[in-house]
Amino acid sequence: MARLAIVALACGVLAGHAAAARQRLDRRSSNATMLRVTSTGTAASSAACRALRVAATAAKAGADPGKHVCPESLPTKEGQDQQKPFFTKLHNALIKGNGHLEGCMDGSSREYYVETFEQELECLYTLILKDGCGALPSQHEKRQEQWELKCLDGTEDLLAAYDLMTEGEKMYFHKFKKSASERQIYKTYIELAGYKELACIFMKTVDDECVAFSKPRMLPPAYWDKDWKL
């Protein structure tokens, strides 16, 4: 696990250096030296991140030998066919973002973890649905904007997202996370990636009325455009 953390750090640092070099190149596009720096940084970052993907896959396999089998399946109730596409679109939003919010930072270790453990995250989402989302009321009207700002911005950390929860949600989430961590595959994911995305999945599932819609309710691009025009 320590080796994987080192590779993840290298991936993140090199990705950051490559991004910074690309920004400088944008300002001085005729500089051949900058082009070489960018190419070198990108290659190093790609190599580190390829190693990270291999290591993450190995850690996943070691945590739960054999094919992962979720104890529940989608849909959790007859006629709730929207549950599967809802998760697919929510998972994609967490990685790719919405509007000017870019989701997980491209090439980051977090992006790889969230992608690699998609099946496991879907299972945890399924378990939340099976439990009726803890009968928790939607907070959609109160936190839709903040949910997007904290959950779809790769620079925001776990605490920024976690603080959006009500006290009742925090109590439910702690019990749910503790129960999930009893299985090594989920414990491994949380050790690697933390639980920001899991917290965001939980909140969005609750806010969209325990998935009463075919896709997550997101703010339209025009909503964010008004901020850029001020």
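Predicted model only: the values in this text are computed from it and were never measured.

Conventions we followed
Residues numbered from 1 in each chain as written. Predicted model: local features only at pLDDT ≥ 70, side-chain atom pairs only at ≥ 80, totals over all residues. Heavy atoms only, no water. pLDDT = per-residue confidence, 0-100. Helix = DSSP H or I, 4+ residues; strand = E, 2+ residues; numbered from the N terminus. Contact = heavy atoms within 4.5 Å. Salt bridge = Lys/Arg side-chain N within 4 Å of Asp/Glu carboxyl O. Buried < 20%, exposed > 50% of the residue type's maximum accessible area, 1.4 Å probe, protein only. Phe/Tyr/Trp six-rings, centres within 6.5 Å; stacked < 30°, edge-to-face > 60°. Lys NZ or Arg CZ within 6 Å of the ring centre and 35° of its normal. Expected span 1.5 Å × (residues − 1).

Asks: For this particular structure, what's the right way to read the confidence of the model for the protein?
Replies: Keep in mind that low pLDDT regions are not for reading the predicted coordinates in detail. Overall, the prediction assigns the protein a mean pLDDT of 80, with 69% of residues at 70 or greater. Taken element by element, the protein is modelled with least confidence in helix α1 (residues 2–27), mean pLDDT 47, and with most confidence in helix α10 (residues 196–207), mean pLDDT 98. Long-range and interchain partners of residues 13–45, a stretch whose pLDDT sits below 50, account for 19 contacts in this model, where long-range means more than four residues apart.

Asks: What should I look at first to understand the pattern of salt bridges in this one?
Replies: One side chain can pair with another of opposite charge once the charged atoms of both are near each other. Evaluation of the coordinates by the stated rule reveals eight salt bridges. A salt bridge links K170 to E167, with the shortest nitrogen-to-oxygen separation between them at 3.7 Å. Separated by three residues within a single helix, K170 and E167 lie in helix α8 (residues 167–180), roughly one turn from each other. Overall, the relative accessible area of 56% leaves E167 in the exposed class. As a salt-bridge pair, E209 and R217 come within 3.9 Å of each other at their nearest N and O atoms. Of the residues examined, E209 reaches a relative accessible area of 46% and is grouped as partly exposed.

Asks: Which parts of the structure should I look at to understand the packing of aromatic side chains?
Replies: Given two aromatic rings, their pairing is described by the distance between the two centres and the angle made by the two planes. For the structure on display, the rule yields seven aromatic pairs. Aromatic pair Y172 and F176: ring centres 6.4 Å apart, planes at 10 degrees, arrangement stacked. Of this pair, Y172 and F176 both sit in helix α8, separated by four residues, roughly a single helical turn. Each member of the pair, Y172 as well as F176, carries the same accessibility label: buried. Linked through ring pairs, Y172, F173, F176, Y195 and F202 together constitute an aromatic cluster. Across the ring face of Y195, the terminal group of K177 is positioned such that the distance to the ring centre comes to 4.5 Å. Residue placement shows K204 over the ring face of W147; its charged tip is 4.6 Å from the ring centre.

Asks: I tried to follow helix α5 (residues 118–130) on my own but got confused; where do I start?
Replies: An α-helical turn contains 3.6 residues, so a residue and the one three or four places further along point in the same direction. The end-to-end C-alpha separation of α5 is 18 Å, in line with the 18 Å expected for 13 residues at 1.5 Å each. Along α5, the positions that sit buried rather than exposed are E120, L121, E122, C123, L124, Y125, T126, I128 and L129. G132 sits one or two residues past α5 and shows a positive phi near 65 degrees.

Asks: Is there a simple way to think about the environment of S108 in this case?
Replies: Along the chain, S108 falls in the loop between α3 (83–96) and α4 (109–116). With a relative accessible area of 13%, S108 lands in the buried category. For the pair formed by S108 and G154, sequence separation is 46 residues and the distance between their alpha carbons is 9.3 Å.

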